[in-house]
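# Structural characterization, general
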Amino acid sequence: MRKVRMNVQGRVQGVGFRYMTKMVADELGICGTVRNEDDGSVSIESLGDDEKMTQFIQKIKDSPSPAGRVTYVDIQDDPLIEEYNSFKVTN
């Protein structure tokens, strides 16, 4: 099980990015949360098996929202992320 924290920058707020991220996570069996940040970025906490996480990260880099555009993704493995049972959109 891999636990990953991401901060996504670009045109990622107001374009359905969080909801499309949830759809991708649900398709891949990834659990966690996605939320908007005050600086215009989106933060994601995610956990899932290695292969599915690799696919999830790539889909985030490619922007799951057709109207979105990702310019930078900070990716950090973080074993301290809590154990989620599903993927939720917050704030």
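Computed from a predicted structure; not experimentally measured.

## Remarks on the packing of aromatic side chains
Per the counting criterion, the structure on display carries one aromatic pair. Relative to phenylalanine 87, the ring of phenylalanine 56 has its centre 6.1 Å away and its plane inclined at 65°; by these criteria the two rings are edge-to-face. Taken together, the residues span a long stretch of sequence, with phenylalanine 56 in helix H2 (residues 50-61) and phenylalanine 87 in strand S5 (residues 87-90) at a distance of 31 residues. As far as the burial class goes, phenylalanine 56 and phenylalanine 87 line up, both buried.

## Let's talk about the side chain of serine 41
Along the polypeptide, serine 41 turns up in the loop between strand S2 (31-36) and strand S3 (42-48). Take serine 41: its relative accessible area is 2%, and that puts it in the buried class. Among the polar contacts made by the side chain of serine 41, one reaches the side chain of asparagine 7 at a distance of 3.0 Å. A polar contact is formed between the side chain of serine 41 and the side chain of aspartate 39, at a distance of 2.6 Å. Non-local contacts of serine 41, meaning those with residues more than four positions away in its chain, are made with Asn7, Val8, Gln9, Val12, Gln13, Arg35 and Asn36.

## Observations concerning the pattern of salt bridges
A full pass over the atoms with the stated rule returns six salt bridges. In this structure, aspartate 26 engages lysine 22 in a salt bridge whose closest nitrogen and oxygen atoms are separated by 2.7 Å. Of this pair, aspartate 26 and lysine 22 both sit in helix H1 (residues 17-28), four residues apart, roughly one helical turn. Residue aspartate 26 is classed as partly exposed on the basis of its relative accessible area, which comes to 43%. When the shortest N-O distance is used, the salt bridge between arginine 35 and glutamate 37 registers 3.0 Å. The class for arginine 35 is partly exposed, based on a relative accessible area of 28%. It is possible to trace a salt-bridge network through shared partners that takes in Arg5, Glu45 and Asp78.

## Here we look at the side chain of glutamate 45
Residue position: glutamate 45 is located in strand S3. A relative accessible area of 13% means that glutamate 45 is categorised as buried. Each residue touching glutamate 45, except ones within four places of it in the same chain, is listed here: Val4, Arg5, Cys31, Gly32, Thr33, Ile81, Tyr84 and Phe87.

## Points about the UniProt feature "domain: Acylphosphatase-like" (unreviewed entry) in the chain
Sequence positions flagged by UniProt for "domain: Acylphosphatase-like" (unreviewed entry) are, in local numbering, residues 3-91. Here residues 3-91 runs as 27% helix and 39% strand, with 21 Å between its end C-alpha atoms.

## A word on the sheet that holds S2
Within the open sheet, the five strands sit side by side as S4-S1-S3-S2-S5. Their pairing is mixed. In this open sheet, the two edge strands, each paired with only one partner strand, are strand S4 (69-77) and S5. Direction aside, the axes of adjacent strands within the sheet are offset by 15° on average. The pairing of S2 with S5 spans four bridges and is classified as parallel. Residue pairing in the sheet places valine 34 in a bridge with valine 89 of S5. Packing against the sheet, H1 makes contact with strand S1 (2-11), S2, S3, S4 and S5, and its axis sits at approximately 175° to S5. Strands S1, S3, S4 and S5 of the sheet are contacted by H2, whose axis makes an angle of about 5° with S1.

What counts as what
Residues numbered from 1 in each chain as written. Predicted model: local features only at pLDDT ≥ 70, side-chain atom pairs only at ≥ 80, totals over all residues. Heavy atoms only, no water. Phe/Tyr/Trp six-rings, centres within 6.5 Å; stacked < 30°, edge-to-face > 60°. Helix = DSSP H or I, 4+ residues; strand = E, 2+ residues; numbered from the N terminus. Buried < 20%, exposed > 50% of the residue type's maximum accessible area, 1.4 Å probe, protein only. Polar contact = N/O pair within 3.5 Å; in protein donor to acceptor, adjacent residues only side chain to side chain. Contact = heavy atoms within 4.5 Å. Salt bridge = Lys/Arg side-chain N within 4 Å of Asp/Glu carboxyl O. UniProt positions renumbered as here; feature names shortened; annotations may be inferred. Pairing = 2+ DSSP bridges. Axes fitted to C-alpha atoms, helices over the stretch in contact; angles between N-to-C directions.

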